[in-house]
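Below are the chains, spelled out letter by letter.
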Amino acid sequence: MPTQREKAERFRALHEGEGPFVVANPFDAGSARILAAMGFAALATTSGGFAGTMGRRDGEVTRDEALAHARAVVEAVDVPVSADFENGFGHEPGEAARTVELAIGAGLAGCSIEDATLGLDEPLYDIETAAARIAASSAAVHATDIPFVLTGRAEGFMRGRPDLDDIIARLRAYEAAGADVLMAPALPDMAAVRKVCASLTKPFSFMAGIPGRSFPVKDLAAAGVRRISLATSLYRTAMGSVEAAAREVRDKGTFTYVEDAMPSKDLADYMGP
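Definitions and cut-offs
- Residues numbered from 1 in each chain as written.
- Predicted model: local features only at pLDDT ≥ 70, side-chain atom pairs only at ≥ 80, totals over all residues.
- Heavy atoms only, no water.
- Axes fitted to C-alpha atoms, helices over the stretch in contact; angles between N-to-C directions.
- Helix = DSSP H or I, 4+ residues; strand = E, 2+ residues; numbered from the N terminus.
- Parallel < 35°, antiparallel > 145°, perpendicular 65-115°, else oblique.
- Left-handed = near helix turned anticlockwise from the far one by under 90°.
- Contact = heavy atoms within 4.5 Å.
- Nonpolar A, V, L, I, M, F, W, Y, C, P; charged D, E, K, R; others polar.
- Phe/Tyr/Trp six-rings, centres within 6.5 Å; stacked < 30°, edge-to-face > 60°.
- Buried < 20%, exposed > 50% of the residue type's maximum accessible area, 1.4 Å probe, protein only.
- Expected span 1.5 Å × (residues − 1).
- 1 Å grid on protein atoms, 1.4 Å probe; cavity = no way out; pocket = protein on both sides within 12 Å on 5 of 7 lines; lining within 4 Å.
- Points joined across faces, edges and corners; volume = space filled by probe spheres on them.

Participant: Is there a simple way to explain the packing of helix H6 (residues 127–142) against helix H7 (residues 164–177) in this structure?
Facilitator: When two helices pack together, their arrangement is captured by the angle between the axes and the distance separating the axes. With their axes 8 Å apart at the nearest point, H6 and H7 run at an angle of 30° to one another. On the basis of their axis angle, the class for H6 and H7 is roughly parallel. The element H6 and its partner H7 pack so that their crossing is right-handed. On H7, the residues touching Ile127, Ala130, Ala131, Ile134, Ala135 and Ser138 of H6 are Ala169, Arg170, Ala173, Tyr174 and Ala177. The residue inventory of the contact of H6 with H7, partitioned by class, reads nine nonpolar, one polar and one charged.

Shown next as structure tokens:
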């Protein structure tokens, strides 16, 4: 099993390859093992997917629960794992930094910190506060000897503030504050993706999974994207399959899903008993 340092180095190096890589998002240890066995070079937790496994909405998971989930995924696979830690589970810069410290302690290779307030009257922190939170998080990384990859996320298009110029200003501020990778979920079109990538000097991570805004890998590569996240899309797809199978049983009394929707035989060893 590679060490945490080796996995963090590998994760950092993936952002420097010739083209973008896909970081797949499991929602539990079992799905993590399947994705790693399929050859994905890195994984990342999904806050929404994990919350769904607990019967909750995104944003309703505690820091301790998210950390325990991240540890379970890390321990299940030998590829680098990053984590979606929302806003760092606290408003003050020191709380975000503490979350990063705990993330490193959990064996992760990276994590993201976003600028959504998740509960305050304003949906986003002002740019100065948001940048200070990234700066504190970056300082926590540099206080260790792990080449941990810190991602700064600008959430405007997800939180009712679809201002591309503001998104770019925020990403530049997070870049200057020490983020290693930048991310802005729900960009509306490829023109916006190209403009964002051209405005940054550090790698940009694109989030797929939104209908109408999940562009092909080849187009994202041409735009300058370095990483592609699948976010909650695998979890939603899995739950859609559960619904479809259960609906067949309830409405038709048949079980064709047993033949049609099972994972391939070469993954059977990764599914548990």
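After that view of the structure, there is still more to cover.
Participant: Is there a simple way to think about the packing of aromatic side chains in this case?
Facilitator: Under the defined criterion, the tally for this structure stands at four aromatic pairs. With a centroid separation of 5.5 Å and an interplanar angle of 70°, the aromatic rings of Phe27 and Tyr235 are classed as edge-to-face. With Phe27 in the loop between strand E1 (21–23) and helix H2 (29–37) and Tyr235 in helix H10 (residues 233–252), this residue pair connects regions lying 208 residues apart in the sequence. A single burial state applies to Phe27 and to Tyr235, both of which are buried. Note on Phe206 and Phe215: the rings are 5.7 Å apart at their centroids and 45° apart in plane angle, and the pair reads as tilted. Residues Phe206 and Phe215 agree in their burial class; the two are buried.

Participant: Mind showing me how you'd approach helix H5 (residues 93–105) here?
Facilitator: Since the α-helix turns once every 3.6 residues, residues separated by three or four places project in the same direction. A rise of 1.5 Å per residue sets the reference length of H5, with its 13 residues, at 18 Å; its end C-alpha atoms lie 19 Å apart and thus fit the reference within 8%. Of the surrounding elements, those touching the buried residues of H5 are helix H1 (4–14), helix H4 (63–76), strand E4 (110–114), H6 and strand E5 (149–153). Downstream of H5 by one or two residues, Gly107 has phi in the positive range, about 90°.

Participant: Would you mind going over empty space enclosed by the protein with me for this structure?
Facilitator: Here the idea is plain: a probe the size of a water molecule rolls over the atoms and shows the empty space left. Enumeration over the complete set of coordinates arrives at two cavities of 30 Å³ or more. Here the largest cavity defines a volume of roughly 60 Å³. Along the walls of the largest cavity sit Thr45, Thr46, Ser47, Phe50, Val61, Ala66, His69, Ala70, Ala83, Asp84, Phe85 and Glu86, which together make up its complete lining. At the level of secondary structure, the elements contributing two or more residues to the lining of the largest cavity comprise helix H3 (47–53), H4 and strand E3 (81–84). Counting residues per element, the lining of the largest cavity draws most heavily on H4, at three residues. Classifying every residue of the lining of the largest cavity gives six nonpolar, four polar and two charged. The computed volume of the second largest cavity comes to approximately 30 Å³. In terms of lining, the second largest cavity is formed by Ile113, Glu114, Asp115, Ala130, Arg133, Ile134, Arg153 and Tyr174. Looking at the lining of the second largest cavity, the elements with two or more residues in it are E4 and H6. Looking at the lining of the second largest cavity residue by residue, the classes come out as four nonpolar, no polar and four charged.

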